[in-house]
Amino acid sequence: MRAACPEAAAGARALRGAMAGIKALISLSFGGAVGLMFLMLGCALPQYNQYWPLFVLFFYILSPIPYCIARRLVDDTDATSNACKELAIFLTTGIVVSAFGLPIVFARAELIYWGACALVLTGNTVIFATILGFFLVFGSNDDFSWQQW
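On a predicted model such as this, the values are computed, not experimentally measured, just so you know.

## Some points on the UniProt feature "transmembrane region" (unreviewed entry) in the chain
Part 1: Residues annotated by UniProt as "transmembrane region" (unreviewed entry) correspond here to residues 25-48, 54-74, 86-106 and 112-138.
Part 2: Annotated as residues 25-48, this span is 83% helix and 0% strand, and its ends, taken at the C-alpha atoms, are 33 Å apart.
Part 3: A distance of 33 Å separates the end C-alpha atoms of residues 54-74, which is 76% helix and 0% strand.

Right, dumping it as structure tokens:
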């Protein structure tokens, strides 16, 4: 019978936790690549050949900023709602809705085709799901947190 070594068990748990974090990071990277692929297909396919939908990249960059700022400013120890965090969620929602509305406005103005609009909206869904997944996976203050980067 082998004696249990607490250090080895703790090391194995840490390794499993790190591997789970790496698997999540790889999955999120794949989701981001698929979302950008849909966006590029909506722009670069020969029948569409309009690059106006690339303006949604600004929304991809802007969407996590209000929430990141609010997390830095707000003390998370209280369980009550905080006005700063609520404002950040409201601004993020406005940015996300704008990202979905811009391709529709472009399609209604006949700057892009409706097929390109559908591809861009699909890309938006995948990218914003990836951003949400990033904050769900790495948002807690554990050993493998996004705040360490």
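## Overview of the nonpolar core
Part 1: In terms of nonpolar packing, the biggest core is built from 9 residues, these being Leu 39, Val 56, Phe 59, Tyr 60, Ile 95, Ala 99, Val 120, Ile 127 and Phe 128.
Part 2: Secondary-structure elements contributing two or more residues to this core are α2 (56-62), α4 (83-108) and α5 (114-138).
Part 3: By size, the runner-up hydrophobic cluster in this structure holds 7 residues, among which are Tyr 48, Phe 106, Ile 112 and Leu 119.

## Points about the packing of aromatic side chains
Any two aromatic rings considered together are summarised by their centre-to-centre distance and by the angle between their planes.
Part 1: Tallied over the full model, the rule gives 9 aromatic pairs.
Part 2: Geometrically, the ring pair formed by Tyr 60 and Phe 128 is edge-to-face, given 5.5 Å between the ring centres and 80° between the ring planes. Of this pair, Tyr 60 sits in helix α2 while Phe 128 sits in helix α5, and the two are 68 residues apart along the sequence. Accessibility classification places Tyr 60 together with Phe 128 in one group, the buried group.
Part 3: An aromatic cluster of three or more residues is present, and its members are Trp 52, Phe 55, Phe 58 and Phe 106.

## Section: the confidence of the model for the chain
Part 1: Considering every residue of the chain, the mean pLDDT works out to 84; 76% of them sit at 70 or more.
Part 2: Ranking the elements of the chain by mean pLDDT puts helix α1 (residues 6-44) last, at 78, and α2 first, at 96.

## So, unusual backbone geometry
Part 1: Non-glycine residue Asn 49 carries a positive phi angle of around 50°.
Part 2: With respect to the helices and strands, Asn 49 occurs in the loop between α1 and α2.
Part 3: When its relative accessible area of 45% is taken as the criterion, Asn 49 is described as partly exposed.

Rules of the game
- Residues numbered from 1 in each chain as written.
- Predicted model: local features only at pLDDT ≥ 70, side-chain atom pairs only at ≥ 80, totals over all residues.
- Heavy atoms only, no water.
- UniProt positions renumbered as here; feature names shortened; annotations may be inferred.
- Helix = DSSP H or I, 4+ residues; strand = E, 2+ residues; numbered from the N terminus.
- Core = buried A, V, L, I, M, F, W, Y, C linked by side-chain atoms within 4.5 Å.
- Buried < 20%, exposed > 50% of the residue type's maximum accessible area, 1.4 Å probe, protein only.
- Phe/Tyr/Trp six-rings, centres within 6.5 Å; stacked < 30°, edge-to-face > 60°.
- pLDDT = per-residue confidence, 0-100.

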